[in-house]
Amino acid sequence: MLLFSMEREGFLQTIIDSMSDSVLVIGLDYRVLFMNKAAKKFALCSESDEPCFCYNVSHKTDSPCKGEDESCPLDEVMKRKKPATVIHKHLDKYGHESRFEITASPVFDEKGNVIQMIEVSRDITKRLLLDEARQKFYERLQSEQK
């Protein structure tokens, strides 16, 4: 049974590592329990480091994100007990800023309590820049037609 379990775990790791989006499994204490290869590109720590927290990985800070501009996905999931999507500014290993759409999904125990969160982050920086350029172009066209 242990062999099957190890084979299955390796298979799941391969599947998750093939995703281009960053995937983290986060405990209720903000600790990173698992991250895929895409997440490791941004992280200054790994899930084997103790402790490694989600805010260390994405924001390079020593405390969870708070505030109206960037609500914490874990707080949202805990409060609502359902998936939440937020947009955050993240820093890479070199301090470059990017915008990420984060989809956070709760993991429940058999009693229906949230015990962890799965966070999938997608870099939307280029898309936002294109949207902004498209909007400026549209506004310029509108003003020229007047």
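Residues numbered from 1 in each chain as written. Predicted model: local features only at pLDDT ≥ 70, side-chain atom pairs only at ≥ 80, totals over all residues. Heavy atoms only, no water.

Caption draft 1: Quick look at the overall build of the protein chain. Within the protein chain, the secondary structure is distributed over five helices and five strands. Element order for the protein chain, N to C, with α for helix and β for strand: α-β-β-α-α-α-β-β-β-α. Taking all 146 residues of the protein chain together, 34% fall into the buried category. If you take every contact in the protein chain between residues at least 6 apart in sequence, the share linking residues at least 24 apart comes to 38%. Carbon and sulfur atoms make up 55% of the accessible area of the protein chain, which amounts to about 9900 Å² in all. (Helix = DSSP H or I, 4+ residues; strand = E, 2+ residues; numbered from the N terminus. Buried < 20%, exposed > 50% of the residue type's maximum accessible area, 1.4 Å probe, protein only. Contact = heavy atoms within 4.5 Å. Areas by Shrake-Rupley, 256 points an atom, 1.4 Å probe, with all protein chains shown as cover.)

Caption draft 2: Broad picture of the pattern of salt bridges. Scanning all chains against the criterion turns up six salt bridges. For Arg122, the salt bridge identified is with Asp21, shortest N-O distance 2.6 Å. Residue Arg122 is found in strand E5 (residues 114-123), and its partner Asp21 is found in the loop between helix H1 (2-17) and strand E1 (22-27); the two are separated by 101 residues along the sequence. For Lys79, the salt bridge goes to Glu76, with nearest N and O atoms at 3.6 Å. One end of the pair, Lys79, and the other, Glu76, are both in helix H4 (residues 73-80), three residues apart, so they sit about a helical turn from each other. Overall, Lys79 belongs to the exposed group, its relative accessible area being 61%. Its relative accessible area of 11% is what places Glu76 among the buried residues. (Salt bridge = Lys/Arg side-chain N within 4 Å of Asp/Glu carboxyl O.)

Caption draft 3: Region of the structure containing the environment of Ala104. Relative to the helices and strands, Ala104 resides in strand E4 (residues 97-108). Separated by 79 residues in sequence, Ala104 and Val25 have C-alpha atoms that sit 9.6 Å apart. Residues in contact with Ala104, not counting those within four places in the same chain, are Pro73, Val77, Pro83, Ala84, Met117, Ile118 and Glu119.

Caption draft 4: Just the environment of Ser121, in detail. With respect to the helices and strands, the residue Ser121 is situated in strand E5. Between the C-alpha atoms of Ser121 and Ala38, which are 83 residues apart in sequence, the distance is 9.5 Å. With residues near it in sequence (within four places) discarded, Ser121 still touches Asp21, Ser22, His90, Phe100, Glu101 and Ile102.

Caption draft 5: Representation of a nonpolar patch on the surface within the structure. Where nonpolar side chains cluster on the molecular surface, the patch consists of Phe11, Leu12 and Ile15 and spans about 290 Å² of accessible area. Looking at the secondary structure, you find Ile15 in helix H1. Of the residues examined, Ile15 reaches a relative accessible area of 40% and is grouped as partly exposed. (Patch = residues over 30% accessible without salt bridge, like charges linked within 9 Å, V, L, I, M, F, W, Y side chains within 5 Å.)

Caption draft 6: View of the nonpolar core. Residues Leu24, Tyr30, Val32, Met35 and Val57 are the most contacted members of the largest nonpolar core, which totals 21 residues. Of all elements in the fold, only E1, strand E2 (32-35), helix H3 (54-58), H4 and E5 reach the threshold of two or more residues within this core. When neighbours within four sequence positions are excluded, Tyr30 is seen to be in contact with Cys52, Phe53, Cys54, Tyr55, Pro64, Lys66, Cys72, Leu74 and Asp75. (Core = buried A, V, L, I, M, F, W, Y, C linked by side-chain atoms within 4.5 Å.)

Caption draft 7: Here's a closer look at the pairing of E4. Sheet analysis places strand E3 (residues 84-91) next to E4, joined by eight bridges and oriented antiparallel. Bridge pairing links His88 to Phe100 in E4. Linking E3 to E4, which pair antiparallel, is a turn of five residues; within it Gly95 sits at a positive phi near 85 degrees. Across nine bridges, the pairing between E4 and E5 is antiparallel. The residue of E5 that forms the bridge with Thr103 is Val120. In sequence, E4 turns back onto E5 through a hairpin of five residues, with Gly112 there showing a positive phi of about 90 degrees. (Pairing = 2+ DSSP bridges.)

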